[in-house]
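The lines below spell out each chain.
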Amino acid sequence: MVVIRAPASALFSPIDHMPELTLEDIARKAGVSRSTVSRVVNNHPNVREAVRSRVQQVIQESGFHPNAAARALASQRSWMIGLVLPRTVGAIFVDPYFSRLTQGVAQACNQYNYTLALFLVGSPEDQAKIYPRISRKGLLDGVIVQSGQIGDHLIERLSTSGMPLVVAGRPFLEGDISYIDVDNIQSTFEAVSHLVAIGRKRIATISGPSNSTVGIDRLVGYSRALQAAGLPVDPLLIVPGDFTEQGGYLAMQQLLPHYPDAVFAASDAMAVGGMRAVKEAGLSIPRDVAFVGYDDIPLINPPDPPLTTVRQLVTQFGYKAVEMLIDLIDNGILPQRRVMMETELFIRKSTVGR
């Protein structure tokens, strides 16, 4: 195998008949080190804005621009990041969470001059086919994986491969894995405590899947809030959903015979489905049943009344995941990084309307 190593000066392509410059030339003109110029060229986040602007001005005035192919050869990187989503193509277009997450990842890739490769894993067979591709040396510089379900071995296999990996959502086996998440337990605790504060006594939940960390954590938050208020955790008031509107509708139909006066749904989509079932039963929202959702992502069919919900900044979540992955690529995968994004409860008429 022949390995071609490009000189540092190949990072720039001359325009017309301008004299060739090296990184050292640009560094001298900008009054910075060669490594600083390299970081600016590669859009590394750890450069002060004043320094970045000065280096970019020198590059612009010199009439040179980064050459992607030479950049890859010089750095021995592919400048490509993989995003692995455990969903089918149809689910990606239907569920607004995944479109927002992908949007944030794509924005960050554009900002830092990475190419985004999207992989959809809808079955164990997909996992078996995709893993050899995404772990192949030289194809990807790193991978972001949406946290999967119990029995999903892709994250475990990638974590032992040595590839830079960020998991979007707390993984089941944390180990040395870097991940970004929100505090699902605490944010759900606050949402359910709001229902307690407005006087609701039979608070049900349409939880997430019981084999996912987000479903487990939000159910824990729900249970703790009831226990803190001295209310019983009634198994008849707990029905798992699948984060879809139809799943929320079917779950609410199971809950209605047990007379809940409030519902915490682990996603806005499920809350909308649950609200539809309540209205079809001839009940009023929030007089008969109050609703709180989770996500605060704009929906195609906004609920009526407007939904009280926990807002998480999904687009920023995806953007931050890319920045974390670049940190792993640049500085090594250990020690692991953990980032918790903020959430906020927005109170609307589904709980306090008249």
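Everything below is about the structure printed above this text.
Keep in mind that what you see is a predicted model, and the values were worked out from it rather than measured. (Residues numbered from 1 in each chain as written. Predicted model: local features only at pLDDT ≥ 70, side-chain atom pairs only at ≥ 80, totals over all residues. Heavy atoms only, no water.)

**As for unusual backbone geometry**
- Cis geometry marks the peptide bond from Ile285 to Pro286, where omega comes out at 5 degrees.
- Its location among the elements puts Pro286 in the loop between helix 12 (268-280) and strand 11 (290-295).
- The omega torsion of the bond from Asp304 to Pro305 falls at 5 degrees, within 30 degrees of zero and hence cis.
- Among the structural elements, Pro305 can be located in the loop between strand 11 and strand 12 (308-312).
- In the Ramachandran plot, Trp79 falls in the positive-phi region, its phi being about 55 degrees despite a non-glycine side chain.
- Phi is positive for Asn113, close to 60 degrees, though the residue is something other than glycine.
- With respect to the helices and strands, the residue Asn113 is situated in the loop between helix 6 (96-111) and strand 4 (115-120). (Helix = DSSP H or I, 4+ residues; strand = E, 2+ residues; numbered from the N terminus.)

**Digging into the sheet that holds strand 8 (residues 203-207)**
- The six strands are arranged 9-8-10-11-12-14 in an open sheet whose pairing can be described as mixed. If you trace the sheet from one side to the other, it starts and ends with strand 9 (238-240) and strand 14 (343-346), each paired once. Each strand of the sheet is rotated relative to its neighbour by a mean of 15 degrees, with strand direction disregarded.
- Where strand 10 (residues 262-265) lies against strand 11, three bridges are found, and the strand directions are parallel. (Pairing = 2+ DSSP bridges. Axes fitted to C-alpha atoms, helices over the stretch in contact; angles between N-to-C directions.)

**Structural notes on the environment of Val292**
- Residue position: Val292 is located in strand 11.
- We classify Val292 as buried; its relative accessible area is 0%.
- Along the chain, Val292 and Asp268 lie 24 residues apart, while their C-alpha atoms are 8.1 Å from each other.
- Apart from the residues within four sequence positions on either side, Val292 is in contact with Ala191, His194, Leu195, Val263, Phe264, Ala265, Leu307, Thr308, Thr309, Leu345 and Thr351. (Buried < 20%, exposed > 50% of the residue type's maximum accessible area, 1.4 Å probe, protein only. Contact = heavy atoms within 4.5 Å.)

**A closer look at a nonpolar patch on the surface**
- Together, Ile150, Phe172, Leu173 and Ile216 give the surface a local cluster of nonpolar side chains, amounting to about 360 Å² of exposed area.
- Its location among the elements puts Leu173 in the loop between strand 6 (165-168) and strand 7 (178-182).
- What makes Leu173 exposed here is its relative accessible area of 59%. (Patch = residues over 30% accessible without salt bridge, like charges linked within 9 Å, V, L, I, M, F, W, Y side chains within 5 Å. Areas by Shrake-Rupley, 256 points an atom, 1.4 Å probe, with all protein chains shown as cover. Salt bridge = Lys/Arg side-chain N within 4 Å of Asp/Glu carboxyl O.)

**A closer look at the packing of helix 11 (residues 245-255) against helix 12**
- Where helix 11 contacts helix 12, the axes come no closer than 6 Å and their chain directions differ by 45 degrees. On the basis of their axis angle, the class for helix 11 and helix 12 is oblique. Like other packed secondary-structure pairs, helix 11 and helix 12 cross with a definite hand, here right-handed. Within the contact between the two elements, helix 11 uses Glu245, Gln246, Gly248, Tyr249, Met252 and Gln253 and helix 12 uses Ala269, Met270, Val272, Gly273, Gly274, Arg276, Ala277, Val278 and Glu280.
- Tallied by class, the residues present in the contact of helix 11 with helix 12 amount to seven nonpolar, five polar and three charged. (Parallel < 35°, antiparallel > 145°, perpendicular 65-115°, else oblique. Left-handed = near helix turned anticlockwise from the far one by under 90°. Nonpolar A, V, L, I, M, F, W, Y, C, P; charged D, E, K, R; others polar.)

**Some points on helix 12**
- The terminal C-alpha atoms of helix 12 lie 18 Å apart, and with 13 residues this matches the ideal 18 Å at 1.5 Å per residue to within 8%.
- Counting buried positions along helix 12 yields ten of 13 residues, so the element is predominantly enclosed.
- Listed in full, the buried residues belonging to helix 12 are Asp268, Ala269, Met270, Ala271, Val272, Gly273, Gly274, Met275, Ala277 and Val278.
- In this structure, the buried residues of helix 12 make contact with strand 8, helix 11, strand 10, strand 11 and strand 12.
- A positive phi of about 80 degrees marks Gly282, the residue just after helix 12. (Expected span 1.5 Å × (residues − 1).)

**Digging into the side chain of Thr213**
- Secondary-structure assignment places Thr213 in helix 10 (residues 213-228).
- Here Thr213 falls in the buried class, since its relative accessible area comes to 4%.
- Thr213 has contacts with Ser147, Arg170, Pro171 and Phe172, leaving out every residue within four places of it along the chain.

**So, the packing of aromatic side chains**
- By the definition in use, this model includes three aromatic pairs.
- A centroid spacing of 5.3 Å and a plane angle of 85 degrees characterise the contact between Tyr97 and Phe98, whose relative ring orientation is edge-to-face.
- Here Tyr112 and Tyr319 contribute two aromatic rings whose centre-to-centre distance is 6.4 Å and whose plane-to-plane angle is 55 degrees, an arrangement assigned as tilted. Here the residue Tyr112 occupies a position in the loop between helix 6 and strand 4, and Tyr319 occupies one in helix 13 (residues 314-331), the gap between them amounting to 207 residues.
- Above the face of the Tyr131 ring, Arg157 is positioned so that its terminal group lies 3.8 Å from the ring centre. (Phe/Tyr/Trp six-rings, centres within 6.5 Å; stacked < 30°, edge-to-face > 60°. Lys NZ or Arg CZ within 6 Å of the ring centre and 35° of its normal.)

On their own, these measurements won't tell you what the molecule is for.
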